[in-house]
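# An overview of the molecular structure
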Amino acid sequence: MASERRVIARHAATVLVGQLAVMAFGVTDTIVAGRYAEGALAALSVGSAVFISVFVSLMGVLQALLPVWAELHGAGRTPEVGRSVRQSLYLCGITIVMGMAVLLFPAPMLGWTEVPQSMRADVEAYLRVLAFALPAALLFRLFSTLNQSLGKPQLVTWLQLASLGVKLPLSIWFTFGGAGVPAMGLAGCAWATLIVNYAMLAAAIWLLRSQSFYREYRFWQRVEPPDWTQIRQFAGLGVPAGLAVLVEVTSFTLMALFIARLGTAASAAHQIASNLTAVAYMMPLSLAIATSARVSFWLGAGEDALARRACRKGFELTMFFALLFAASMAVLRWQLAGIYSGNSAVIALGATLLLATACYHLADAVQTLCVFVLRCYRVTVMPLILYCTLLWGVGLGGSYLLAYRGIGPWPAMQSPLAFWLMSALALAVTAALFLALLVSTVRRRR
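The shown structure was predicted, so the numbers you read here are calculated from the model rather than taken from an experiment. (Residues numbered from 1 in each chain as written. Predicted model: local features only at pLDDT ≥ 70, side-chain atom pairs only at ≥ 80, totals over all residues. Heavy atoms only, no water.)

## Quick look at the nonpolar core
Using the following cut-off: Residues belong to a common nonpolar core when they are buried Ala, Val, Leu, Ile, Met, Phe, Trp, Tyr or Cys residues joined through side-chain atoms within 4.5 Å. Each residue's exposure class comes from its accessible area (1.4 Å probe, protein chains only) as a fraction of the maximum for that residue type: buried when under 20%, exposed when over 50%, partly exposed otherwise. Only DSSP runs of H or I reaching four residues or more are called helices, and only runs of E reaching two or more are called strands; each is numbered from the N terminus. Contacts are assigned to residue pairs that have any heavy atoms within 4.5 Å of one another.
Counting residues in each nonpolar core, the largest one holds 153 residues, and the members touching the most others are F143, V295 and Y377. When residues in this core are grouped by element, the largest group, 20 residues, is from helix 10 (residues 264-300). When residues no more than four places from it in sequence are discounted, the contact partners of V295 are A307, A310, C311, V373, C376 and Y377.

Have a look at this one:
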């Protein structure tokens, strides 16, 4: 049992380092934009909300393939992994087309959420650049998911760390200008992301072709015509998972669009809270990836008891770190807010929001682990239904009412705090129901 905990912890730690490096992209852009202009930080809050909604939702479709490849790996069906990966390129191509369409034409979404006209030009310029960064980002995510399913995330992590060393100076250079490059403002952060994404993809392709570890999987055989039976199986797992991620992420990121009407100070404070919450989320996400890889490996090997043991160990680790991160967020809230802004009003509001985000993080950690492990057991539709009902209905809908219209005896708060309070409540109920669903699913397998 201790060895299973070590395997999960080691895998999760490797994934976490890489995920934090990627999250540092967002932290870098937030700090750079905040120092460039308060308006740039507010526009980044809206633009990143749209991009994250698109990218993470489509990433969820591809990430959901992890159990498929981990089971094949556990069953020792090595040649089938290569063919399955080649077939997944068709699904990846579809996600790229869909994502670019949304990012190139964001006006309907910005109009629906009543984003102020003063922000829209910067937001649209930012998203146009990121639309062309999306193909590389999704193809690299496919490479990352493959490595996670095979229990070998180290190469991905090294690439992500190296990319941070390129992203940081490029964001500063392109945003503020210098050495013959004009100051691009917020769009400069997007151009830095585009360059880094294609560099990472090029490195991933080189590794797939050159590293001996990948040879037995025969990835570089001629791509077969679409196998619609297999693609439908991918879609049956990936589409509900991607839609569930879409609901989860949009319930989080649409807050930024609704909060934008409260002014730049409210948007800036919300960006601080959402950015730190996203960083904290990397821990349960990494543990969920590592746990689901182990659970699927043991299910593929026909060892249900070992799969249950891996699930328990993953849950214990997740709860320990979730409590640690939530406590740190609450205790250090003033210091954390002060890193992002020098505006006292933004710092005060941001520190208040971090108290609510600490509660949000605890519930988020539990539900993240549960939904990843449920995918190992091919349970994807019920989580989607629960997400739609609770996160969109109670969380986002309730947040809007509490912020702008009031609910029962509670008057309209006219504050981003309303969104964080209602979202934390909705996520807590979601986590409880997911945990009950996971327990009942595992028991039925005995």
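## As for the packing of aromatic side chains
Just so we agree on the cut-off: Only Phe, Tyr and Trp rings are paired, with Trp represented by its six-membered ring, and only when their centres lie within 6.5 Å; those with planes under 30 degrees apart are stacked, over 60 edge-to-face, the remainder tilted. Any Lys NZ or Arg CZ found within 6 Å of a ring centre and within 35 degrees of that ring's normal is scored as a charge over the ring.
Inspection of every chain in the model, using the stated rule, returns 15 aromatic pairs. A centroid spacing of 5.2 Å and a plane angle of 55° characterise the contact between Y400 and Y404, whose relative ring orientation is tilted. Here Y400 pairs with Y404, and both are found in helix 14 (residues 381-404), just four residues apart, close to one helical turn. Taking relative accessible area as the criterion, Y400 reaches 21% and is therefore assigned partly exposed. Ring-pair connections join several aromatic residues into one group, and the members of that group are F140, F143, F213, Y214, Y217 and F219. Above the ring of W220, the side-chain terminus of R209 is found at 4.4 Å from the ring centroid. Sitting above the plane of the F372 ring, R375 keeps its charged end 4.7 Å from the centroid.

## Some points on the packing of helix 3 (residues 66-74) against helix 4 (residues 78-104)
Under the convention used in this document: In this analysis an axis means a line fitted to C-alpha atoms, helices contributing only their contacting stretch, and an angle means the value between N-to-C directions, from 0 to 180 degrees. Throughout, the term roughly parallel applies to angles under 35 degrees, roughly antiparallel to angles over 145, roughly perpendicular to angles from 65 to 115, and oblique to all others. By convention, the crossing between two helices is left-handed when the near helix turns anticlockwise from the far helix through less than a right angle, and right-handed when the turn is clockwise.
Where helix 3 meets helix 4, the closest approach of the two axes is 9 Å, and the angle between their N-to-C directions is 165°. The orientation of helix 3 relative to helix 4 falls into the category roughly antiparallel. When you trace helix 3 past helix 4, the crossing you get is right-handed. Contacts from V68, W69, L72 and H73 of helix 3 reach helix 4 at E80, V81, S84, V85 and S88.

## Structural notes on the packing of helix 10 against helix 12 (residues 333-340)
For clarity, the cut-off: Gly is placed with the polar residues, together with every amino acid not listed as nonpolar (Ala, Val, Leu, Ile, Met, Phe, Trp, Tyr, Cys and Pro) or charged (Asp, Glu, Lys and Arg).
Their axes nearest at 10 Å, the elements helix 10 and helix 12 cross at an angle of 110°. Put simply, helix 10 runs roughly perpendicular to helix 12. You can see that helix 10 and helix 12 cross each other, and the crossing is right-handed. Where helix 10 approaches helix 12, its residues I272, N275 and L276 are matched on the opposing element by L336, A337 and Y340. Its residues assigned to classes, the contact of helix 10 with helix 12 comprises five nonpolar, one polar and no charged.

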